[in-house]
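Next come the chains, spelled out residue by residue.
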Amino acid sequence: MTTIPQEKVLDNSIRLLLEGFPFIQNRVERFNSNIFKTRILFQNVICLHGEEAAKIFYDPDKFMRLGAIPNRIQNTLMGKDAIQTLDGAAHLHRKAMFMSLMTPDSLHQINRLMSQQWQRYIKKWEQMEQVVLFEEVQDLLCRVACAWTGVPLKEKEVRKRAQDFTAMVDAFGAVGPRHMRGRKARKRAEKWIEKVIQQIRKGDLEVPDGSPAHVMAFHRDHDDNLLDKHMAAVELINLLRPIVAIATYITFGALAMHDHPVAQRKIADDEENYVEWFVQEVRRFYPFGPFLGNRVKNDFSWGGHDFKKGTLVFLDIYGTLHDPNIWEHPHEFYPYRFKHWKGSPFDLIPQGGGDHFSGHRCAGEWVTIEAMKVSMVYLAKHMTYEVPQQDLSYSLVRMPTRPKSNFIITNVKANELPTQVDRT
Ligand code: HEM
């Protein structure tokens, strides 16, 4: 057995917060090794980096989620005991339900709802002196998320609900007030959605059969019990919250177009497949999730190292997306790299790796790609706008991150809005 490079520290949690996204990659480069040991939250952690490591990380015989996700993340980001924490048959059963909602028809519906909302918002923005894109797009996505799932959303609640979904995501790398905001936001959202679940179950709220809210309200777990109303709410929020979170990628997409006007023209000119490559490159290039956690399920050896049952293991998302052995010139924004991409499930892993149905890979990855594509076409083709002087830089220390100004645009004008869409 070889020895894994090991940091001689009591604990590295503070350094993780100080270094942010590149924390694992910094050490991969320093140790010249895709695997090393450190200490986070006063426990030993093995950090893994790269495509081969991702293949191991997603092997369900080797790893489990039990005890891998700290309570502080469950109490803000994803909810207690949600799908992200399940293993084995319980996970497969719940995941099958989530994936049953991701049909081509669903994606088409999301595409149509996105298009309707973009048209509505462009008209609204024409009347505004300045538009804070990140915030406006959160509201737009919140309307889409509620309409798609079947959750009623009162006009006066749109901003508050969108803010709460955003606060849950904003809390994941935070301590102090940002973390507390995420907890409070989750409590409010769970109370709201539990009520929706109850109303659907009692027949006081009619939602279409097969709509996500209906499916969640009547889902039976693998032991054939109806989810309790809290769990059903947590899982329905697992659809609503991440749809609103796509605002981060849309804002980064707007930034990429601003920095690369040629790319904007190619999207506007409908150059074949370009918008798809552009969206993939936005998801690769810009930071969102830094790493993922698992625990060793059974002892095993890999790469000459012993992994002992119960050990916490992190997979480096940000570093793998910026690894020069996988991506040529990884710190350049270059959508054409996806023209010849082989489609490995273990290299482009901003939303996890492996298989959507049998593993923990993001259930909403196709929704994300679809919603981003529609949004990039609206930004590039169906509106014109100016980007005034502002601080567009983003921190790699803050997790999650986004352009500091939230991307302000002015002088918005609609431009050849497509006519085939119902604009009600
Ligand atoms: C899981 C990222 C959008 C629903 C995940 C995971 C990541 C991720 C990193 C964990 C993968 C793992 O544990 O191995 C993102 C990002 C998004 C996004 C960056 C863009 C904003 C969405 C959307 C939905 C969604 C739009 C639903 C409509 C889920 C669910 C899981 C998940 C249900 C749990 C899957 C499981 O544990 O089996 N996502 N996601 N996500 N995501 Fe997303």
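Structure report, in brief. (Residues numbered from 1 in each chain as written. Predicted model: local features only at pLDDT ≥ 70, side-chain atom pairs only at ≥ 80, totals over all residues. Heavy atoms only, no water.)

A separate point is the overall build of the chain. Secondary structure summary: the chain contains 15 helices and 10 strands in total. Its C-alpha atoms give the chain a radius of gyration of 21 Å, near enough to 22 Å, the size a compact globule of 424 residues would have. In terms of overall dimensions, the chain has C-alpha extents of about 65 × 55 × 40 Å along its principal axes. When the 424 residues of the chain are sorted by exposure, 58% land in the buried category. Of the roughly 18,800 Å² of accessible surface on the chain, a fraction of 52% belongs to carbon and sulfur atoms. Placing the 56 positive and 51 negative side-chain charges of the chain at their respective mean positions leaves the two points 6 Å apart. (Helix = DSSP H or I, 4+ residues; strand = E, 2+ residues; numbered from the N terminus. Rg over C-alpha atoms; globule rule 2.2 N^0.38 Å. Buried < 20%, exposed > 50% of the residue type's maximum accessible area, 1.4 Å probe, protein only. Areas by Shrake-Rupley, 256 points an atom, 1.4 Å probe, with all protein chains shown as cover. Lys, Arg positive; Asp, Glu negative; His and termini not counted. Charge placed at Lys NZ, Arg CZ, Asp CG, Glu CD.)

Looking now at the pattern of salt bridges. Enumeration according to the criterion identifies 25 salt bridges in this entry. Note that Arg15 is salt-bridged to Glu19, the shortest N-O span being 2.8 Å. With Arg15 and Glu19 both in helix H1 (residues 13–19) and four residues apart, this pair spans about one turn of that helix. Since its relative accessible area comes to 13%, Glu19 is described here as buried. In this structure, Lys124 engages Glu136 in a salt bridge whose closest nitrogen and oxygen atoms are separated by 2.8 Å. Residue Lys124 is located in helix H6 (residues 104–126), and its partner Glu136 is located in helix H7 (residues 133–149); the two are separated by 12 residues in the primary sequence. Each of Glu7, Arg15, Glu19, Arg27 and Arg30 takes part in a single network of salt bridges with overlapping partners. (Salt bridge = Lys/Arg side-chain N within 4 Å of Asp/Glu carboxyl O.)

It is worth spelling out the sheet that holds strand E4 (residues 130–132) at this point. The sheet built from three strands is open, its strands ordered E4-E10-E9 with antiparallel pairing. Each edge of the sheet is formed by a strand with only one pairing partner; in this case those strands are E4 and strand E9 (383–386). The sheet shows a mean angle of 50° between the axes of neighbouring strands, taken without regard to direction. One ladder, built from three bridges, connects E4 with strand E10 (residues 408–414); its direction is antiparallel. Considered in E10, the bridge of Gln130 is made with Thr410. (Pairing = 2+ DSSP bridges. Axes fitted to C-alpha atoms, helices over the stretch in contact; angles between N-to-C directions.)

With mixed pairing, the five strands of this open sheet are ordered in space as E1-E2-E8-E5-E3. Looking along the sheet, the strands with just one partner apiece sit at the ends: strand E1 (35–40) and strand E3 (63–64). As paired strands, E1 and strand E2 (residues 43–48) are joined by six bridges and run antiparallel to one another. Across the sheet, residue Thr38 finds its bridge partner in E2, namely Val45.

Further remarks concern the side chain of Ser106. Looking at the secondary structure, you find Ser106 in helix H6. Within the structure, Ser106 has its side chain in polar contact with the backbone oxygen of Leu101 (distance 2.6 Å). Not counting chain neighbours up to four residues away, the residues in contact with Ser106 comprise Leu101 and Trp148. (Polar contact = N/O pair within 3.5 Å; in protein donor to acceptor, adjacent residues only side chain to side chain. Contact = heavy atoms within 4.5 Å.)

Moving on: the packing of aromatic side chains. This structure, assessed with the given rule, holds 28 aromatic pairs. For the ring pair Trp118 and Tyr378, a centre distance of 6.1 Å and an interplane angle of 15° mean the geometry is stacked. You can see Trp118 sitting in helix H6 and its partner Tyr378 sitting in helix H15 (residues 365–381), a full 260 residues away along the chain. Neither residue differs from the other here; Trp118 and Tyr378 are each classed as buried. With a centroid separation of 5.1 Å and an interplanar angle of 75°, the aromatic rings of Phe252 and Tyr394 are classed as edge-to-face. Placement of Phe252 in helix H11 (residues 229–259) and of Tyr394 in the loop between E9 and E10 is noted, with a sequence separation of 142 residues between them. Residue Phe252 is classed as buried on the basis of its relative accessible area, which comes to 0%. (Phe/Tyr/Trp six-rings, centres within 6.5 Å; stacked < 30°, edge-to-face > 60°.)

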